[in-house]
Amino acid sequence: MSDYVIDVVELKGFEVRYVVFGNGAKSMVVFPGMSVGYVDQLAEGFYAKYRKFAQDYKVYLFDRPSNLNEYSSVETMAEDSVAALKILGLNDFYLIGYSQGGMMCQYIAINHPEMVKKLVLGSTLSKPNETYTQVMRAWECLSAAGDVVALNNDCFCRIYSETYYSRYKRALSMFAKVGTKKQLERFKYLSMAGLTVNCFDRLKEIICPVLAIGAEQDRVTTLQGIFEIVNQLGCDYFVYPEYGHSAYDEAKDYQERIEKFFKMG
C-alpha cells in the first residue's frame, strides 16, 4: 500500500480534492493537466514519480475545484484553489504546474506572489495559439458528444510523442473506455475554460524564480507556448527534443530537473 492520503477541502458551495504524502519541512504543490479522471485515479502514478521528494517536502497534488460550469475560467479555478491552499495553511511553497495546471499556476504566482517560493511550468502557455485553440475545441466537442473512446484516443495521440504512442498504443487502448458521463461533462468545462487563459501581459508580475520545461513534439500547447513565457520572463528553461506534450510523463529525468532547480540558491 502506498504511503499517500486522498483528502478533501470543503469550501462554501464546492470542494477541492487532493493527494498528500511526505514528511518534509517544505511544501510542494502540484497542479496536473486536464484529465478525464480525478486525482484519486492519478494518485498511484503520481506517488511513484514524486515519492523521492517525500523526505524534504510535504507533497500535494490538487484536483480542479468541484464547482466547474460553462462560466469557469483558468483564473477562477486558480482563485478557488488558492482558497483551498489557504485553508490548509500552505504558504511559501514550491509550485509545479503542467499544461492547464501550469496556466493556473501562472495566475497564482501573479495574484499571490507572497505564496510562491519557486515555480516550475511544464508544457504550458500564457495565451491561446492556433494549435491549442483547435485542440480545446475538439476536446469540448468530443466530451459534449459523450464519445469517451474517441476523446481518450484523441488525447492519447496528441499528448504523447509518436514514438511513445506507437510503443504503448495497445496498452493505452485499454483505458479508452474509462470515463463516466459526469467526468465527460467536467472535461467539457475544462476544455471551455482552457480558452480563457490570457495572462501573457501580466507575466512580469511573477517575482519568484521560474523554470519552464517544454517539448519539441508538443501538439497541444506547442513549444511556442513555453518560449513566449521564457522570452517574457527571461527565466531558466529546458526543451526535450524527443518528447511530446506529456514530457513530464515520458522523460525519466524530469523530476531530477525539478529537484535540482528547487535546491538551487
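Visitor: Would you take a moment to explain the pattern of salt bridges for this structure?
Guide: For side chains bearing opposite charge, pairing can occur when the charged atoms are close. This model, assessed by the stated rule, comprises eight salt bridges. D40 serves as the salt-bridge partner of R17, at 2.9 Å between the closest nitrogen and oxygen. Taken as a pair, R17 in strand 2 (residues 14-21) and D40 in helix 1 (residues 39-50) lie far apart in primary sequence, 23 residues in all. We classify R17 as partly exposed; its relative accessible area is 28%. Classification of D40 by relative accessible area gives partly exposed; the value is 32%.

Visitor: Please explain the sheet that holds strand 6 (residues 116-122) as it appears in this structure.
Guide: Note on sheets: strands pair through backbone hydrogen bonds, and any given pair is parallel or antiparallel. Strand order in the open sheet formed by eight strands is 1-2-4-3-5-6-7-8, and the pairing between neighbours is mixed. Edge positions in the open sheet fall to strand 1 (5-11) and strand 8 (236-244), since each of these has one partner strand only. If you compare each strand with its neighbour and ignore which way they point, the axes differ by 20° on average. Its contacts with the sheet put helix 2 (residues 74-87) on strand 1, strand 2, strand 3 (26-31), strand 4 (57-62) and strand 5 (93-98), and the angle it makes with strand 1 is roughly 110°.

Visitor: Sorry if this is basic, but what is going on with the nonpolar core here?
Guide: Among soluble globular proteins, nonpolar side chains are generally buried collectively. Core analysis: the biggest nonpolar cluster contains 64 residues, and F62, L95, V116, L119 and W139 have the highest contact counts within it. The dominant element in this core, judged by the number of residues it contributes, is helix 3 (residues 100-111), at seven residues. Membership of the second largest hydrophobic core comes to 31 residues, among which are Y4, A215, Y248 and F262.

Visitor: In this structure, what is going on with a nonpolar patch on the surface? I would like to understand it.
Guide: Residues M174, F175 and V178 make up a contiguous nonpolar surface patch of about 340 Å² in total accessible area. Positionally, V178 belongs in the loop between helix 6 (162-173) and helix 7 (181-194). Assessed through its relative accessible area of 38%, V178 is described here as partly exposed.

Visitor: When you look at helix 8 (residues 222-233) in this model, what are you seeing that I'm missing?
Guide: The periodicity of an α-helix, 3.6 residues per turn, causes residues three or four positions apart to be oriented the same way. When we look at burial in helix 8, the residues that qualify are T222, L223, G225, I226, E228, I229 and V230. Tucked inside the fold, the buried residues of helix 8 contact helix 3, strand 6, helix 4 (130-144), strand 7 (210-217) and strand 8. One or two steps after helix 8, the chain reaches G234, where phi turns positive at roughly 65°.

Visitor: When you look at unusual backbone geometry in this model, what are you seeing that I'm missing?
Guide: Among all residues except glycine, the phi angle is most often negative; among peptide bonds, the trans geometry is most common. Its identity as a non-glycine residue notwithstanding, S99 has a phi of 55°, on the positive side. You can call S99 buried: its relative accessible area is 7%. At T222, a residue that is not glycine, the phi angle is positive and equals roughly 70°. Within the secondary structure, T222 sits in helix 8. You can call T222 buried: its relative accessible area is 11%.

Rules behind the numbers
- Here the residue numbering is sequential within each chain, running from 1 through the sequence in written order.
- Reporting of local features is limited, given that this is a predicted model, to residues whose pLDDT is at least 70; pairs of side-chain atoms are given and counted only at 80 or more, and all residues count toward the totals for whole chains, interfaces and linings.
- Calculated side-chain values reflect all of the structure's heavy atoms, with hydrogen atoms and water omitted.
- Whenever a carboxyl oxygen of Asp or Glu lies within 4 Å of a side-chain nitrogen of Lys or Arg, that contact is scored as a salt bridge.
- For the purposes of this entry, the term helix denotes a DSSP run of H or I that reaches at least four residues, the term strand denotes a run of E that reaches at least two, and both are numbered from the N terminus.
- Under the scheme applied here, a residue whose accessible area is under 20% of the maximum for its type counts as buried, over 50% as exposed, and between as partly exposed, the area being computed with a 1.4 Å probe on protein chains only.
- What makes two strands pair is DSSP finding at least two bridges between them.
- The angle between two axes is taken between their N-to-C directions and runs from 0 to 180 degrees, where each axis is a line fitted to C-alpha atoms and a helix contributes only its stretch in contact.
- Contact definition: two residues touch when any of their heavy atoms are within 4.5 Å.
- The set of buried Ala, Val, Leu, Ile, Met, Phe, Trp, Tyr and Cys residues whose side-chain atoms join them within 4.5 Å is what this entry labels a nonpolar core.
- Residues forming no salt bridge and having over 30% relative accessible area are the ones grouped into patches, like charges within 9 Å of each other and nonpolar side chains (Val, Leu, Ile, Met, Phe, Trp, Tyr) within 5 Å.
- Only the protein chains shown count as cover for residues, and all accessible areas are computed by the Shrake-Rupley method using a 1.4 Å probe.

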